[in-house]
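Residue-level structural notes
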Amino acid sequence: MMPYIVLFLIPTLIALHPQSGDTILKKNALFAMSIVFILFIGLRHQVGGDWEIFLNQFSLYKDMSFYKAITVQIGSGGSDFGYVFLNVLIERIGGNIYWVNLVCAALFVFGVWRFALLQAYPWLVIISGVSYLSVVVAMGYTRQAVAIGFIFAALSCLQDRKNYQSIFYIILAVTFHKAALIMLSFFILYLTHGRRRLAVYLAFLFLAIISVYTLHEQLYHLIKFYITSQYMDSAGAIPRSIINIILSVILLKYLNQMNLDYKLHLLYKNLSITLIFISLFVGFASTAVDRLSLFFFPVQLMLFGQLPMISSKKYIQQFIGVSIIAYSLVLMLVWLFFAHTASHWVPYHNIFSK
């Protein structure tokens, strides 16, 4: 338990330091923290609910050719191209599962940190990201974490007006987790207009129909596993969905007061509304909603990275910041103490303490 608390307290103490706003100090501290997070996440040992699954999957590649590993795993719906490719590549050069996790951690941290640097309060983004996104998602759902990292990188590119780079990162996100396709429609809406947008949507619809036709067995498996199965039920999905709705409503309320151009404003508005809509189905398919909602984490981190700006008064900004830190700490502690699956995370072990 204590390692997670320390991981939370380090960026918190830095954020509360009087000189945390200094540009050079901020960048150096953020870089140092990124290394800490990469090592903490990447060098974990037997941590996360899917640890054995990923370990066994990596072991399978030792007896497969490169071509077979790619085609068999993806064709069976077992994994996604990017993650399979990374596993096979590392296995071929003599690496192990820790190498895979280290690379995945670096890709995840790269995206989140790049996003944080562009926000008004980057340390609040990092701190709020520790409580669930880093501890639970990055250390438990490796493929989703990498995809989410690339989504953050893509959003950072949009904020930097580097549109072509954003498409590159979204494509990478999809190669690590197919569910990241849900974000593609939002980027199409952002990057296109008029007839061009219609043409792109029609092409996207055509590809979706072809994908459903060719991958209908895998889709049936996913629907049965995540929606109709009585064994796939996320106990914490309902409170997390309620939180998502509340945070989305808050973002919608204060979006006009945040430093975003019109198109980014519209993008986050659409993301917030969609997250509210998805969350309403939590009673019908808790696990599916819970996992899909992970890709909308930018809504939460954008809110926390910009929210203190709604007031020009320093003491109100400080109160909002402290409130975000307190909320994030409570969220992490509640999950670690009461989540049914927390035993897969506690105690924390890494490669040096195994």
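Note that the structure is a prediction, hence the values are computed from the model and not measured. (Residues numbered from 1 in each chain as written. Predicted model: local features only at pLDDT ≥ 70, side-chain atom pairs only at ≥ 80, totals over all residues. Heavy atoms only, no water.)

Observations concerning the environment of isoleucine 151
Rules: Numbering goes from the N terminus for both helices and strands, where a helix is a DSSP run of H or I of at least four residues and a strand is a run of E of at least two. A contact between two residues is defined here by any heavy atoms of the two lying within 4.5 Å.
Following the sequence through the fold, isoleucine 151 ends up in helix 8 (residues 142-159). Isoleucine 151 sits 29 residues away from alanine 180 along the chain, and the two C-alpha atoms are 8.1 Å apart. Ignoring sequence-local partners within four residues, the contact set of isoleucine 151 consists of Ile170, Ala173, Ala180, Met183, Phe295 and Pro298.

Some details on the pattern of salt bridges
Note the threshold: Any carboxyl oxygen of Asp or Glu that lies within 4 Å of a side-chain nitrogen of Lys or Arg is treated as forming a salt bridge with it. Think of it in three bands: with a 1.4 Å probe and only protein chains considered, a residue is buried below 20% of the maximum accessible area for its type, exposed above 50%, and partly exposed in between.
Considering all chains together, one arrives at five salt bridges under this definition. Taking the shortest distance from any N to any O, the salt bridge between aspartate 80 and arginine 143 comes out at 2.4 Å. Of this pair, aspartate 80 sits in the loop between helix 4 (66-75) and helix 5 (81-92) while arginine 143 is found in helix 8, placing the two residues 63 residues apart along the sequence. Residue aspartate 80 shares its accessibility class with arginine 143, and that shared class is buried. Ionic pairing is found between aspartate 290 and arginine 240, a salt bridge with its closest N-O pair at 2.8 Å. One end of the pair, aspartate 290, is in helix 15 (residues 286-293); the other, arginine 240, is in helix 13 (residues 237-254), with 50 residues separating them in the sequence. When its relative accessible area of 11% is taken as the criterion, aspartate 290 is described as buried. Here the salt bridges share partners, and the residues they tie into one network are Asp80, Arg143 and Lys178.

Thoughts on the packing of aromatic side chains
Rule in force here: Ring pairs shown here join Phe, Tyr and Trp side chains whose ring centres sit within 6.5 Å, with only the six-membered ring taken for Trp; geometry is labelled stacked below 30 degrees between planes, edge-to-face above 60, and tilted in between. Charges are assigned to positions over rings by a cutoff of 6 Å between ring centre and Lys NZ or Arg CZ, combined with an angular limit of 35 degrees from the ring normal.
Per the counting criterion, the structure on display carries 18 aromatic pairs. With a centroid separation of 5.9 Å and 50 degrees between ring planes, the pair formed by tryptophan 51 and tyrosine 98 is classed as tilted. Residue tryptophan 51 is found in helix 3 (residues 51-60), and its partner tyrosine 98 is found in helix 6 (residues 97-117); the two are separated by 47 residues along the sequence. For the pair shown, tryptophan 51 and tyrosine 98 are each scored as buried. Measuring from centroid to centroid gives 6.4 Å for phenylalanine 337 and phenylalanine 338, while their planes differ by 50 degrees, and the two rings are tilted. Summarising the burial analysis for this pair, phenylalanine 337 and phenylalanine 338 share the class exposed. Ring pairs connect the aromatic residues Phe110, Phe150, Phe168, Tyr169 and Phe176, which therefore count as one cluster. Between lysine 253 and the ring centre of tyrosine 254, over which it is positioned, the NZ or CZ distance is 5.5 Å.

Looking at empty space enclosed by the protein
Under the convention used in this document: Residues are called lining when one of their atoms sits within 4 Å of a cavity or pocket point, these points coming from a 1 Å grid over the protein atoms alone, where a cavity is a set in which a 1.4 Å probe fits but cannot get out and a pocket is an open set with protein on both sides within 12 Å along at least five of seven lines. Grid points are joined across faces, edges and corners, and a volume is the space filled by probe spheres set on the points.
This structure, assessed with the given rule, holds three cavities of 30 Å³ or more. There is about 200 Å³ of room inside the largest cavity. Looking at the largest cavity, it is lined by 15 residues, and the ones nearest its centre are Tyr132, Arg240, Asn244, Phe297 and Gln300. When residues in the lining of the largest cavity are grouped by element, the largest group, four residues, is from helix 13.

With respect to the packing of helix 1 (residues 2-16) against helix 7 (residues 122-140)
So the rule is basically this: Convention adopted: a line fitted to C-alpha atoms gives each axis, helices being fitted over their contacting stretch, and angles between N-to-C directions are expressed from 0 to 180 degrees. Here the word oblique covers every angle except those under 35 degrees (roughly parallel), over 145 (roughly antiparallel) and from 65 to 115 (roughly perpendicular). If you view the pair so one helix is near and one far, a crossing is left-handed when the near helix is turned anticlockwise from the far one by less than a right angle, and right-handed when it is turned clockwise.
For the pair helix 1 and helix 7, the least separation of the axes is 9 Å and the interaxial angle reads 165 degrees. When the axis of helix 1 is compared with that of helix 7, the two are roughly antiparallel. The chirality of how helix 1 crosses helix 7 is right-handed. The residues of helix 7 that touch helix 1, namely those facing Tyr4, Leu7, Phe8, Pro11, Thr12, Ile14 and Ala15, are Trp123, Ile126, Ile127, Val130, Val135 and Met139.

Considerations on a nonpolar patch on the surface
Spelled out, the test is: Patch membership is restricted to residues that have no salt bridge and whose relative accessible area is over 30%. Joining uses 9 Å for like charges and 5 Å for the nonpolar side chains Val, Leu, Ile, Met, Phe, Trp and Tyr. Only the protein chains shown count as cover for residues, and the accessible areas themselves come from Shrake-Rupley with a 1.4 Å probe.
Residues Phe66, Phe81, Phe85, Leu89, Ile93 and Trp99 make up a contiguous nonpolar surface patch of about 570 Å² in total accessible area. Per element, the largest residue contribution to the nonpolar patch is three residues, and it comes from helix 5. The exposed category is assigned to isoleucine 93, whose relative accessible area is 55%.

Regarding the side chain of glutamate 91
For clarity, the threshold we go by: Counted as a polar contact is a pair of N or O atoms within 3.5 Å, where, for protein atoms, one must be capable of donating a hydrogen and the other of accepting one, and residues adjacent in sequence contribute only when both atoms are in side chains.
Here glutamate 91 shows up in helix 5. Looking at glutamate 91, the relative accessible area reads 17%, which means it is buried. A polar contact of 2.3 Å, which involves the side chain of glutamate 91, links it to the side chain of arginine 92. In contact with glutamate 91, not counting residues within four places along its chain, are Phe58, Tyr61 and Lys62.

Quick look at the side chain of asparagine 350
Of note, asparagine 350 is situated in the segment after helix 17 (314-338). Of the polar contacts made by the side chain of asparagine 350, one reaches the backbone nitrogen of phenylalanine 352; its length is 2.9 Å. What asparagine 350 contacts, discounting residues up to four positions off in sequence, is Leu43, Arg44 and His45.

Some thoughts on the confidence of the model for the protein chain
The condition is simple: A residue's pLDDT is the predictor's confidence in that residue, given on a scale from 0 to 100.
Of the residues in the protein chain, 83% reach a pLDDT of 70 or more, and the chain-wide mean stands at 85. When mean pLDDT is taken per element in the protein chain, helix 6 scores highest with 96 and helix 12 (residues 216-228) scores lowest with 49.

Observations regarding the environment of phenylalanine 319
Along the chain, phenylalanine 319 turns up in helix 17. Since its relative accessible area comes to 60%, phenylalanine 319 is described here as exposed. Between the alpha carbons of phenylalanine 319 and proline 308 there is a distance of 8.4 Å; along the sequence they are eleven residues apart.

Here we look at the nonpolar core
Our working definition: In plain words, nonpolar cores are sets of buried Ala, Val, Leu, Ile, Met, Phe, Trp, Tyr and Cys residues tied together by side-chain atoms within 4.5 Å.
Core analysis: the largest hydrophobic core is formed by 97 residues, its most contacted members being Tyr4, Phe37, Leu133 and Tyr268. Here the element with the most residues in this core is helix 7; it accounts for 13 residues. The residues touching phenylalanine 37, leaving out its near neighbours within four places in the chain, are Leu7, Gly42, Val109, Trp113, Ile126, Val130 and Ser134. Core analysis: the second largest hydrophobic core is formed by five residues, Met64, Ala69, Val84 and Val88 among them.

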